[in-house]
Amino acid sequence: MACLLFFLSAGMPAQPAEKAVALPILEIVKAVTKKVIKAIDLGIQRLQNKTIWLQNAQKQVENTLSKLKLDEISDWTKKQRDLYKDYYEELQKVKSIITYYQRIKEISVKQTRLIEEYEKAWNLFKKDDHFKVSELEYMEKVYDGILEESMTNMDQILLIIDSFTTQMSDLKRLEIINQAADQIEANYNDLRLFNRQHILLRLQRTKTAADAAKVKQFYGIR
């Protein structure tokens, strides 16, 4: 969590204490998710540029080697072959990192959808005067729990982004990515199920078909 908070604090202006209390978890999760997606986009762009450079350099060495005659094979050609090998290995490494970045972006996009689903449903529930205060308080606690888990998931995503500049095995990196993906998917599904359950509860409290139609329209149900 410390990694997430440090990452967030670097780009957020100071807020009055009362506002920080009013908008705690949601604003943090939204800000970090946006920062993560932006960092991923920049990372992919940088790596794609590097890929183009490596491919061009590799092709130049390859062309040079193809033009050599048998009697020109020497230590120089060995150095060229070694250079070609280095370019090839670096290119494969860069392509692998791009694949990781793209996978991480997919996870972050799902996190964005989770936030959107939460905001849409919660804003509607708060406007619906057919829910008791105690029911709304319960909903808020559940939503806060889901958002808190989201903070942990995004912290894992930041750990992966940092891992590209530190020592971490591909196996460990893949393990963390898959774990974060599974957790965010589970949170997303739990959120949608929770929302559907309370919309269904609201429909059960209607007394007429006309009332039910109004509720469906209010919640965007077809």
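The structure presented is a predicted model; accordingly, all values stated were derived computationally and were not measured. (Residues numbered from 1 in each chain as written. Predicted model: local features only at pLDDT ≥ 70, side-chain atom pairs only at ≥ 80, totals over all residues. Heavy atoms only, no water.)

Novice: Mind showing me how you'd approach the overall build of the chain here?
Specialist: When helices and strands are counted, the chain shows seven helices and zero strands. Along the chain direction, N to C, the helices and strands of the chain fall in the order α-α-α-α-α-α-α. Burial analysis of the chain (222 residues in total) assigns 36% to the buried set. Within the chain, counting contacts between residues at least 6 apart in sequence, those at least 24 apart form 79% of the total. Surface exposure of the chain reaches about 14,300 Å², of which carbon and sulfur atoms provide 54%. (Helix = DSSP H or I, 4+ residues; strand = E, 2+ residues; numbered from the N terminus. Buried < 20%, exposed > 50% of the residue type's maximum accessible area, 1.4 Å probe, protein only. Contact = heavy atoms within 4.5 Å. Areas by Shrake-Rupley, 256 points an atom, 1.4 Å probe, with all protein chains shown as cover.)

Novice: Could you clarify how one ought to interpret the side chain of Thr-51 in this entry?
Specialist: Considering the arrangement of structural elements, one finds Thr-51 in helix α3 (residues 25-67). On the basis of relative accessible area, Thr-51 is assigned to the buried category, the value being 9%. Here Thr-51 is in contact with Leu-91, Val-94, Lys-95 and Ile-98, once residues within four sequence places are set aside.

Novice: What is the right way to read the pattern of salt bridges from this model?
Specialist: A side chain with one charge may pair with a side chain of the opposite charge, provided their charged atoms come close. All told, the structure shown has nine salt bridges when counted by the stated rule. The partner of Glu-185 in a salt bridge is Lys-110, and the shortest N-O contact between them spans 2.5 Å. Of the two residues, Glu-185 sits in helix α6 (residues 170-204) while Lys-110 sits in helix α4 (residues 75-127), which places them 75 residues apart along the sequence. (Salt bridge = Lys/Arg side-chain N within 4 Å of Asp/Glu carboxyl O.)

Novice: Would you mind going over the confidence of the model for the chain with me for this structure?
Specialist: Low-pLDDT stretches of the model should not have their predicted coordinates read in fine detail. In this model, the chain carries a mean pLDDT of 79, and residues with pLDDT of at least 70 account for 82%. Mean pLDDT across the elements of the chain ranges from a minimum in helix α2 (residues 17-22), with 34, to a maximum in helix α7 (residues 209-218), with 92. Below pLDDT 50 for its whole length, residues 1-23 participates in 22 contacts with residues either more than four positions away or in separate chains. (pLDDT = per-residue confidence, 0-100.)

Novice: In this structure, what is going on with the nonpolar core? I would like to understand it.
Specialist: Among soluble globular proteins, nonpolar side chains are generally buried collectively. In terms of nonpolar packing, the biggest core is built from 54 residues, with Val-36, Tyr-101, Phe-125, Met-139, Tyr-143 and Ile-157 touching the most fellow members. When residues of this core are traced back to their parent elements, those giving at least two are α3, α4, α5 (133-163), α6 and α7. The element that contributes the greatest number of residues to this core is α4, accounting for 16 residues. (Core = buried A, V, L, I, M, F, W, Y, C linked by side-chain atoms within 4.5 Å.)

Novice: Even after reading the chapter, I still don't get the packing of α5 against α6, so can you show me in this structure?
Specialist: The description of two helices packed together rests on the angle between their axes and the distance between the axes. Packing of α5 against α6 leaves a shortest axis separation of 10 Å and a crossing angle of 165°. Comparing their axes, α6 and α5 come out roughly antiparallel. Crossing of α5 against α6: the hand is left-handed. Split into classes, the residues belonging to the contact of α5 with α6 amount to 16 nonpolar, eight polar and three charged. (Axes fitted to C-alpha atoms, helices over the stretch in contact; angles between N-to-C directions. Parallel < 35°, antiparallel > 145°, perpendicular 65-115°, else oblique. Left-handed = near helix turned anticlockwise from the far one by under 90°. Nonpolar A, V, L, I, M, F, W, Y, C, P; charged D, E, K, R; others polar.)

Novice: Please explain the environment of Asp-190 as it appears in this structure.
Specialist: Following the sequence through the fold, Asp-190 ends up in helix α6. Note: C-alpha distance between Asp-190 and Leu-114 (76 residues apart in sequence) is 9.9 Å.

Novice: Explain the packing of aromatic side chains here, please?
Specialist: For any two aromatic rings, the description comes down to two numbers: the centre-to-centre distance and the angle of the planes. Summed over the entire model, instances satisfying the criterion amount to seven aromatic pairs. With a centroid separation of 5.5 Å and an interplanar angle of 85°, the aromatic rings of Phe-125 and Phe-131 are classed as edge-to-face. Centre to centre, the rings of Tyr-138 and Phe-194 are 6.0 Å apart; their planes meet at 55°, and the pair counts as tilted. You can see Tyr-138 sitting in helix α5 and its partner Phe-194 sitting in helix α6, a full 56 residues away along the chain. Overall, the relative accessible area of 48% leaves Tyr-138 in the partly exposed class. The lysine or arginine in question, Arg-173, covers the ring of Tyr-100, its NZ or CZ lying 5.5 Å from the ring centre. (Phe/Tyr/Trp six-rings, centres within 6.5 Å; stacked < 30°, edge-to-face > 60°. Lys NZ or Arg CZ within 6 Å of the ring centre and 35° of its normal.)

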